[in-house]
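What follows is the residue order along each chain.
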Amino acid sequence: MGLFEPLSATQDELVAPRISPLQTPPIGFAHRGARAVERENTLAAFSRALEMGAAGLESDVWVTADGQAVLDHDGWVRSGRLRRRRPISDCRRDDLPDHIPTLAEMYDACGAEFELSLDLKDPEAAPAVIAAVDGAAARTGHLLRNRLWLCHPDVATLVGLRDRWPDVRLCNSTRLNRMEGGPERRAAVLAEAAIDSVNLHQTDWTGGLVTLFHRFEVLCFGWDAQQPRVLNELLDMGIDAVYSDHVDRMRDALACWYPEKQ
């Protein structure tokens, strides 16, 4: 069996996944860009990920003191003469290290032909995100809100985003053991609130759980899909998107399961 072939395939044939995804082909999100080969959350990492075949980019997003949406993981920087550690929310854009890009700069560098998953570590960043996305849409002539996935663990926060921006895609990023009332209750709540997807760690997913959320028309995303075995297992159970640091592995796994879609 080849490295990226479906788990039940022979050398001479490919088979369909056990469970059909709602999103075909599933989205391959480059986690913080191509961070396995470039510095994460940089323009170089995002550009390289697309060059390597990623269909989507992922990052955490924060808002600066002067209202700019910027892409960084932990939201803290060292700035000023004393190099003190400060939260990004206390810094102006010009105070940040050069490697941290704005969302607008990322669109200018990467274009518009990709899905974008943004983890709203600071929900106050949402208006700045929408402003940057709309600005990029005006510059490129592409509709971008429907390719924007805003992710947050709190359902109430997502409901507020849905009320304000009905045309963006929303994702509940959580863990199975944090679903109050269990997964069926969470699926029903997400469906009623028009939340598009749920994002769980790859170890949380089973075929039965994917089937459950699909029954409510909620897309299933899996993060930390780093190894070929994990990618194959997720795709076999009908996952709708994967997040990986290793864009080449992710690309090859998706191409093997969905060759006609590549």
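Here, every reference points to the structure presented above.
The notes below deal with the structure included here. All values derive from a computational prediction rather than experimental measurement.

What counts and what doesn't
Residues numbered from 1 in each chain as written. Predicted model: local features only at pLDDT ≥ 70, side-chain atom pairs only at ≥ 80, totals over all residues. Heavy atoms only, no water. Buried < 20%, exposed > 50% of the residue type's maximum accessible area, 1.4 Å probe, protein only. Helix = DSSP H or I, 4+ residues; strand = E, 2+ residues; numbered from the N terminus. Contact = heavy atoms within 4.5 Å. Core = buried A, V, L, I, M, F, W, Y, C linked by side-chain atoms within 4.5 Å. Polar contact = N/O pair within 3.5 Å; in protein donor to acceptor, adjacent residues only side chain to side chain. Phe/Tyr/Trp six-rings, centres within 6.5 Å; stacked < 30°, edge-to-face > 60°.

Let us look at helix 7 (residues 228-236). Judged by how many residues are buried, helix 7 sits mostly within the fold: 7 of 9 residues are covered. Among the residues making up helix 7, those that are buried are Pro228, Val230, Leu231, Asn232, Leu234, Leu235 and Asp236. Lining the buried residues of helix 7 we find strand 11 (241-244) and helix 8 (247-257).

Attention shifts here to the nonpolar core. The biggest cluster of nonpolar side chains holds 66 residues, and the ones touching the most others in it are Leu103, Met106, Val129, Trp205 and Phe213. The leading source of residues in this core is helix 3 (residues 126-140), at 8 residues. Those residues in contact with Val129 that lie beyond four places of it in its chain are Val61, Ala69, Leu103, Leu118, Leu120, Leu148 and Leu150. By size, the runner-up hydrophobic cluster in this structure holds 9 residues, among which are Phe29, Trp149, Ala241 and Tyr243.

To continue, consider the side chain of Thr64. By secondary structure assignment, the location of Thr64 is in the loop between strand 2 (56-63) and strand 3 (69-71). At 2.6 Å, the side chain of Thr64 and the side chain of Asp66 are in polar contact. Looking at Thr64, its side chain comes within polar contact range of the main-chain nitrogen of Gln68, at 2.9 Å. The contacts of Thr64, once residues within four sequence positions are left out, are Val70, Ile88, Ser89, Cys91, Arg92, Arg93 and Leu96.

A few words now on the packing of aromatic side chains. Counted under the stated rule, the structure contains 6 aromatic pairs. Ring centres 6.1 Å apart and planes at 50° place the aromatic pair Phe29 and Phe221 in the tilted group. Taken together, the positions of Phe29 in strand 1 (residues 27-31) and Phe221 in strand 10 (residues 219-223) put the pair 192 residues apart, joining distant regions of the chain. The exposure class of Phe221 is buried, given its relative accessible area of 0%. Pairing Tyr107 with Phe114 gives two aromatic rings, centres 5.7 Å apart and planes at 20°, and the pair type is stacked. Grouping aromatic residues by their ring pairs yields a cluster made of Phe29, Trp149, Phe221 and Tyr243.

So, on to unusual backbone geometry. In this model, Thr24 is joined to Pro25 through a cis peptide bond whose omega is -5°. In this structure, Pro25 sits in the segment before strand 1. Despite not being glycine, Arg32 shows a phi value in the positive range, around 60°. Mapping Arg32 onto the fold places it in the loop between strand 1 and helix 1 (43-51). The class of Arg32 is buried, set by a relative accessible area of 12%.

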